[in-house]
Amino acid sequence: MSARLVNVTEEVVNMLIDNVIEEEHACTCEKCRLDTIALALNALPPKYVVTEQGDMIETFRSTVTQKRVDIYQAILKAVQQVKETPRHGQNSHFVD
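On a predicted model such as this, the values are computed, not experimentally measured, just so you know. (Residues numbered from 1 in each chain as written. Predicted model: local features only at pLDDT ≥ 70, side-chain atom pairs only at ≥ 80, totals over all residues. Heavy atoms only, no water.)

What about the packing of helix H2 (residues 30–43) against helix H4 (residues 65–84)?
Short version of the rule: Axis definition: a line fit to C-alpha positions, over the contact stretch in the case of helices; interaxial angles, taken between N-to-C directions, run 0 to 180 degrees. Where helices and strands are cited, they refer to DSSP runs of H or I of at least four residues and of E of at least two residues respectively, numbered from the N terminus. What sets the label is the angle itself: under 35 degrees gives roughly parallel, over 145 gives roughly antiparallel, 65 to 115 gives roughly perpendicular, and the rest give oblique. By definition, turning the near helix anticlockwise from the far helix through less than a right angle yields a left-handed crossing, and turning it clockwise yields a right-handed one. The contact criterion used throughout is that any non-hydrogen atoms of two residues lie within 4.5 Å.
At their nearest, the axes of H2 and H4 sit 8 Å apart, and the two run at 135° to each other. Accordingly, the angle class assigned to the pair H2 and H4 is oblique. Seen along the crossing, H2 lies across H4 with a hand that is right-handed. Here Cys32, Asp35, Thr36, Leu39, Ala40 and Ala43 of H2 come into contact with H4, specifically with Ala74, Ile75, Ala78, Val79, Gln81 and Val82.

Listed below in structure tokens is the structure:
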């Protein structure tokens, strides 16, 4: 197995995003989903680790509870922001 560099924060956001979008009845189009991920990640500090492919699950488990709460709250805030001003159908590339 080869080692790789992983942003645990990004991985956890990607694991949780669809559930939060569904819970909040937000738009599920790819543009809104990616805007939400970008907003959430920009609000959170990255946490990089070097891990083996099989060690990824253990890395997620070791993410402390408060960190998970912070990530969930950042996603929730991002979902609400995207719901208020969805950009699907627009051509801009960046979220303010």
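Focus: the environment of Val6
Mapped onto the secondary structure, Val6 falls in strand E1 (residues 3–7). Sequence separation between Val6 and Glu52 is 46 residues; the distance between their C-alpha atoms is 9.8 Å.

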